[in-house]
Every structure is written in structure tokens, then in C-alpha cells.
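Results of the structural survey
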Amino acid sequence: MTATTLFDKIWSEHVVVPETDDTPAVFYIDLHLIHEVTTPQAFSLLREKGLPVRRPDLTLATMDHSTPTTPVNSLKDLAIVGPNAERQILQMQNNCEDFGIDLLGFDSDSRGIVHVIGPELGATQPGKTIVCGDSHTSTHGAFGAFAFGIGTTEIGHVLATQCLLQRKPKSLAINVEGQIPDGVTAKDLILAIIGQIGVNGGTGHVIEYRGSAIRQLDMEARMTICNMSIEAGARAGMIAPDEVTFEYLKGRPRSPSGEEWDAAVERWKALKSDEGAVFDKEVTIDASTLQPMVTFGTNPGMVVGINEPVPEQADDENFDKALRYMQVDAGKPLIDKAVDIVFVGSCTNSRLSDLELTASILDGNKVADGVRMMIVPGSQQVKQEAEAAGLDKIFEAAGAEWRESGCSMCLGMNGDTVPSGQLSVSTSNRNFEGRQGIGARTILASPATAAAAAVAGKIVDPRIFLRSPV
Amino acid sequence: MSNKLITSKTVVLPAKDIDTDQIIPARFLTTTTREGLGEGLFRDLRFGKDDEPVADFPLNQPETQGSQVLVGGNNFGCGSSREHAPWALLDYGFRAVISTEIADIFRNNSLKNGLLPIIVDEETHAWLIANPGAEVTVDIVASTLTLPNGQSVTYPIDAFARYCLIEGTDQLGFLQSHLEAIEGFEERRTWTP
């Protein structure tokens, strides 16, 4: 039998009608995650055509993008996000009610960023095909699922048929070998990978992250890695499931239980690339040389080690323009650059371990004068867990703002924005021009680097703050 | 004019990696319809503080008005999955986007809406970048792009996507025609999600 990749196995198991030269495959979707921003037009289409949602039981809805990060106790509290966002939120509630979809809304303790709650509830499982109208759906690949972002037209397709028309993408193996040094996080690793292969290095491909360094990571770190696959242009990112995955999923509300659990684990154990499986492309990364990473430009591939100088690039107008926008100098490191805002949150870095790391640096310290620090948990459950561990007290004592869950300042849709010209150190995933607000300047970094910047009031090597190895 | 042919002067945005946040900033995504997004297209590049038009931005120049073909730098449309990006381009009046590489989700979303993503070789691209306002013709049936000197290049396009563009086929209808196969698939699977 031919050796196949993890992706090959999941792909072939979900083909309903094979692709031909003339037509794409009809491809089955096991879990459809939906949120308020990219679905309204899809539901309108169903209404126009008089179609039901075919499998509401495989559809999971929440609200995260345009929602307030201040408490919502009644509908009046929605006014803060403005009339359009408010209308969108109310429409989501109506759509889910009319079409019989389970909505984890403001009355649910399970509400949160869609890519945080899927795994948290155990709805994200190895071997599943998962889609969502959001490019960071790649996050769920950390469990050995094939998970990818789709547009609104395709959301309509899945709602109506539970299938998509797909051509099989190519495969890219990223082998990460060696020991990740102390004080270096999964965020630093994925930023380094994007820096190496480029923001289009994965276009047309599904990435499988493999190797000894990946095996050592916990599930939250693996989610951070897979989350930013799209920042390398990839269709999806995946990591083969193992005991770490099974341990994480065991006992979660939507995980299988009893005999079904045992059967599921047996099935999941087969989900790995065979010895000798061939990938269309392969890249190898040495983890032992990694250091904390910071972006200096206006895409996530423009990234350097914290103590390294911003590179010099002759005759590159794009590069010069990015440096002008960011107000950074080629040839100099970002160290000591004064920061205005620090944001810890987003589907990349808003889980409990991210907040624990942040707290370990803030504990006994103060956010520097003139710096605003906002900490936004990935879900209401993460919020509860953080509060149970007393992290909120550490954040508040340090002078940071502690909010309700949501996408928040990652994309600034809900009014949480970075003022024009201000420099933000953000644990999110995109440093595009204007992403966090008109004229906002964004440096992407790990929660450790972000927290260190908040305390120092400037970019510093976070390792000076770490009392114990991460 | 035939809807299988697009003849237009080009607008050129030479920057690489033009992302969907630049194409349509997130604050315009609170809409619940597809219409009217042209207003937000490249909003923060077209307009400066106090909503004053940025004079040297190509879309603000008189000679680019009415253009239907946008030429962008490599890796056009990277970033988020927002279909609002092609909706905004279409609403503004564009019918085709040309680059050396177009990001996966943006390309898919464009094809679903009749915005044609055209990939050309580096030499053709360099010429287009260097010659903004050149009149080009896109033949959707032949999958060719013809330059002012008469030279034609064939661009790659998925056969099914091309068929749908030409025939105006509803892809949802195509999927629905396979409903029996989908039901059969659900019945015979060895595990249920």
C-alpha cells in the first residue's frame, strides 16, 4: 500500500464525489463553526431559496468578532459597539433561532472566540473536517483535524448541503527538530517559521507540523502554531494527534465518552503520516536556535529575533514603505522602542497558559506609566478559569484592563482599537496596516514579550523577567 | 459589451501582499448585506485624516475612473477570509484582478462572485505594473489576457470555475444535485461526527 500523509487520510475519508478534470470533489464537512460577521448574507440566501440548514446538529454558533468586551447583562449593553454591530449581533440571534442552530450567545458560559471554544468544548476532534467563515480556522488542525477558512458563499453551501466543492490542495511538511530554548514560546516558533518561508510560502498547501519540537508542545501551544498557518498563506495547518491530544480531549462536554471514547481513540491513533509518505514540499527548522521574535513591518513575515537588527533591504519600495509606516530603522534592533498599547488576546494567544505566562511577568510589577494594557480572555470559560486561579487580581494590581472574551483589538471591529500612530505590542496574528485601527502600528509577539513590554514601557527581551523557565 | 469579454484600462497598485484588511477594513464588516461595500474599498489608502481623498492614490486619479481591471503586486488578497473583499471590488466596478500570485481564500471567494482572479507570469506582470492605464482585454471563454500590442497570454483557471463564470451556473445548485450521494455517504460512514 502506498504511504500516505495525515492529510491524505482525512481528505480521502471525506470525499463524497471524487474530483475530475472538469469538476471539483464534493467534500463532506463534519463541523461547521459560525459567527456573526461572515454569516448574515448566507442566511439571507437560505431564506431567499427557502432552504433549511441541513445539519444544524453539526453546526455550532457563537458571537465573538463585533461583540463588546465590556459586560453584557442586557441588550442595552450592546449599544457600545454601535448600531451596525448591534444589528449584526441581533440578526445572528434571530438566524440561529429561526434555523434551529445551537448558539452560544451572551447567556452562555461557553461563549468565546470560535477557535477557542471549539477545542474547549471537545467539538474539535482528530480526523474531523472543520470549516468556519474565518481564516484562523486552521487553529483546529492542532488536533489532527483538517480545518480551513471559507467565505460567505461557501458558508451557504455548507449550511444547505453540509458539503463544499473542493480541489485537493498540495502538502507541505514543516519539520521542527530539537529542544525549544527556555523563554521561547510557540508564538516565537511560528513567527520564525513564517519569517523563513514567507507570507506566501504555504499558498496552495496544507502544512503538517512535525518533529520532536512539535511533539513536546502542549495543546494550547500547538493551537498557536496551527492558528498562524494562514499567515504563511497555507490553506490549513495540522499536527498528528497523540497522547497529549487525547488527554486534552478526555472528559470535555462534546468529546465522546465511555465505549465511544475508546473506539474514537483507536481510530485517532491511525491518524498520522506513514513512514515514507511524500510531501509536495518539505522545510526543516532547528528549534534549538530560536529566540523571542518580534515583527518590525506590516506583515507577519517581517520578523526578527528580539535582539537582532531590523534587516536592511536595498531597492525594495514595499520594504521601505513598511518601515516608514512602523517608524522603525533598518540596521537597529527594536529593543528600547517605546510602546503605547499592549494587547494580550486573540485566537492566537488568549488561552489559560497564555494568561498564566502573562501573569507570571506582571506579578509584583506595574504596567509602565503611559502604557495601556488590555487582557482579553479567549472565552468566558478561560475567563472563569483565570479568575479561579487569581490571575485577574494580578492583572488588576498591575494596572492592566481585564475584559470579557472576544476578538477585540486583534481586528478592532467592536470599538477596541489602537489610536492612529500609536505603537501596539500585540499577541494577535496580523500586523497589517490599519488592522488594529486606522494608522495603528502593530508589533506581533508572544504573551511573554507583550507583558514584558507593558512593564518596561518599551520593547525588552522577556527573558529578563522570567523567574522560572517557561 | 459582451459579458464574456472585459476591455478596460488597468489600475495599478504595485505593492506586494495587499491584504484583505487594506482592501476592506474590518469596521465595514458589520454590514448584514453584500451591497454598498465599494464605499469602503481601500478606504484607508484612498482617504486620509478627515476623509480627505489621498491625491496620489491611483483610485483617486481621474484617468482610472471606470476601470474594471486591477493589477496588484504579488500575493494579492492575503489575510482574512472576508468575502467582503471581492464584494467591495465588484461593487466599486472591478471585474478582474491580475497578479503573479493570489491568496487561496480570496481567489475562491472571487470566483464565487464573478470577480476574475488572473495569474500571469512575472514578465507580463512587470510590464503591466510599469504601464498603468494600459488597455487590456480579458476573454473569459478563451482564458486569455490581451495586451495593447496584441500579445495574448493564457491564464490558468479551474475548469469548473471557468464553466460557472461562462454559464452563470449556481454552484449551490450543482452541490444540491448530489444530495443523494451526500445522504448515502452519511449512511455508510463508519463513524459519526
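The shown structure was predicted, so the numbers you read here are calculated from the model rather than taken from an experiment.

Cut-offs applied
- Residues numbered from 1 in each chain as written.
- Chains lettered and ligands numbered in written order.
- Predicted model: local features only at pLDDT ≥ 70, side-chain atom pairs only at ≥ 80, totals over all residues.
- Axes fitted to C-alpha atoms, helices over the stretch in contact; angles between N-to-C directions.
- Helix = DSSP H or I, 4+ residues; strand = E, 2+ residues; numbered from the N terminus.
- Parallel < 35°, antiparallel > 145°, perpendicular 65-115°, else oblique.
- Left-handed = near helix turned anticlockwise from the far one by under 90°.
- Contact = placed C-beta atoms within 7 Å.
- Nonpolar A, V, L, I, M, F, W, Y, C, P; charged D, E, K, R; others polar.
- Pairing = 2+ DSSP bridges.
- pLDDT = per-residue confidence, 0-100.
- Core = buried A, V, L, I, M, F, W, Y, C linked by C-beta atoms within 7 Å.
- Buried ≥ 20, exposed ≤ 12 C-beta atoms within 10 Å, placed from the backbone.

**Things to note about the packing of helix α2 (residues 40–49) of chain A against helix α5 (residues 152–161) of chain A**
Residues and elements named next belong to chain A. Look at α2 against α5: their axes get within 8 Å of each other, and the N-to-C directions meet at 50°. In terms of axis orientation, α2 runs oblique to α5. Note that α2 runs across α5; the crossing there is right-handed. Facing α2, whose interface residues are Gln41, Ala42, Leu45 and Leu46, α5 presents Thr152, Ile155, Gly156, Leu159 and Ala160. Split into classes, the residues belonging to the contact of α2 with α5 amount to 6 nonpolar, 3 polar and no charged.

**Some words on the sheet that holds strand β4 (residues 59–62) of chain A**
Residue and element names in this part refer to chain A. Across the sheet, which stays open at both edges, the 5 strands sit in the order β5-β4-β3-β6-β7 with parallel pairing between neighbours. Each having just a single partner strand, β5 (102–104) and β7 (146–149) make up the two edges of the open sheet. The average angle at which neighbouring strand axes cross in this sheet is 20°, direction not considered. Two elements, strand β6 (residues 129–132) and β7, share 4 bridges in a ladder whose sense is parallel. In the strand pairing of β7, Ile130 is matched with Ala147.

**Description of the confidence of the model for chain B**
Averaged over all residues, the pLDDT of chain B is 96; the fraction at 70 or higher stands at 99%. Interface confidence in the predicted complex, given as ipTM, is 0.96; pTM for the same model is 0.97.

**Some thoughts on the nonpolar core**
In this structure, Leu189, Val294, Val342, Ala453 and Ala454 of chain A together with Val97 of chain B are the most contacted members of the largest nonpolar core, which totals 198 residues. Once you skip the residues sitting within four places of it in the chain, Ala453 of chain A turns out to touch Val339, Val342, Val425, Lys458, Ile459 and Val460 of chain A.

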